[in-house]
Amino acid sequence: MRLVVDLNKCQGYAQCAFLAPDVFAMHGEESLLYDPRPEEEQRERVARAVAACPVQAITADGLDRAGASQEASDVR
């Protein structure tokens, strides 16, 4: 999984930092710091953070892959 935050879009609402504090952190009032390659254990929290961003500034490549393979194995 790879994260990209469009820092031009980010308005510092910090919803991501509340939902995935091991991945996102506010530095001051407006500057966001984040781990572009979070651990796999953070997948659910990252998904919630991506969905909660009010300006949709966070993109997560590979976020759906593990979920899709998990669902496929559940069907079997």
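A brief look at the structure comes next. (Residues numbered from 1 in each chain as written. Predicted model: local features only at pLDDT ≥ 70, side-chain atom pairs only at ≥ 80, totals over all residues. Heavy atoms only, no water.)

1. As for the pattern of salt bridges
Pairs can form between side chains of opposite charge once their charged atoms are near each other.
Then, number 1: Counted by the stated rule, this structure contains 3 salt bridges.
Then, number 2: The partner of Asp-61 in a salt bridge is Arg-2, with the nearest N and O atoms 3.1 Å apart. Taken together, the positions of Asp-61 in strand 4 (residues 58-61) and Arg-2 in strand 1 (residues 2-5) put the pair 59 residues apart, joining distant regions of the chain.
Then, number 3: On the accessibility criterion, Asp-61 (34% relative accessible area) is partly exposed.
Then, number 4: Overall, Arg-2 belongs to the partly exposed group, its relative accessible area being 37%.
Then, number 5: For Glu-44, the salt bridge goes to Arg-48, with nearest N and O atoms at 2.5 Å. Here Arg-48 and Glu-44 lie together in helix 2 (residues 43-52), a separation of 4 residues that amounts to about one turn.
Then, number 6: Assessed through its relative accessible area of 51%, Glu-44 is described here as exposed. (Salt bridge = Lys/Arg side-chain N within 4 Å of Asp/Glu carboxyl O. Helix = DSSP H or I, 4+ residues; strand = E, 2+ residues; numbered from the N terminus. Buried < 20%, exposed > 50% of the residue type's maximum accessible area, 1.4 Å probe, protein only.)

2. With respect to the pairing of strand 3 (residues 31-34)
Then, number 1: Bridge count between strand 2 (residues 24-27) and strand 3: 4 bridges; the pairing is antiparallel. Note that in strand 3 the partner of His-27 across the bridge is Ser-31.
Then, number 2: The loop that links strand 2 with its antiparallel partner strand 3 comprises 3 residues; one of these, Gly-28, has a positive phi angle of about 80°. (Pairing = 2+ DSSP bridges.)

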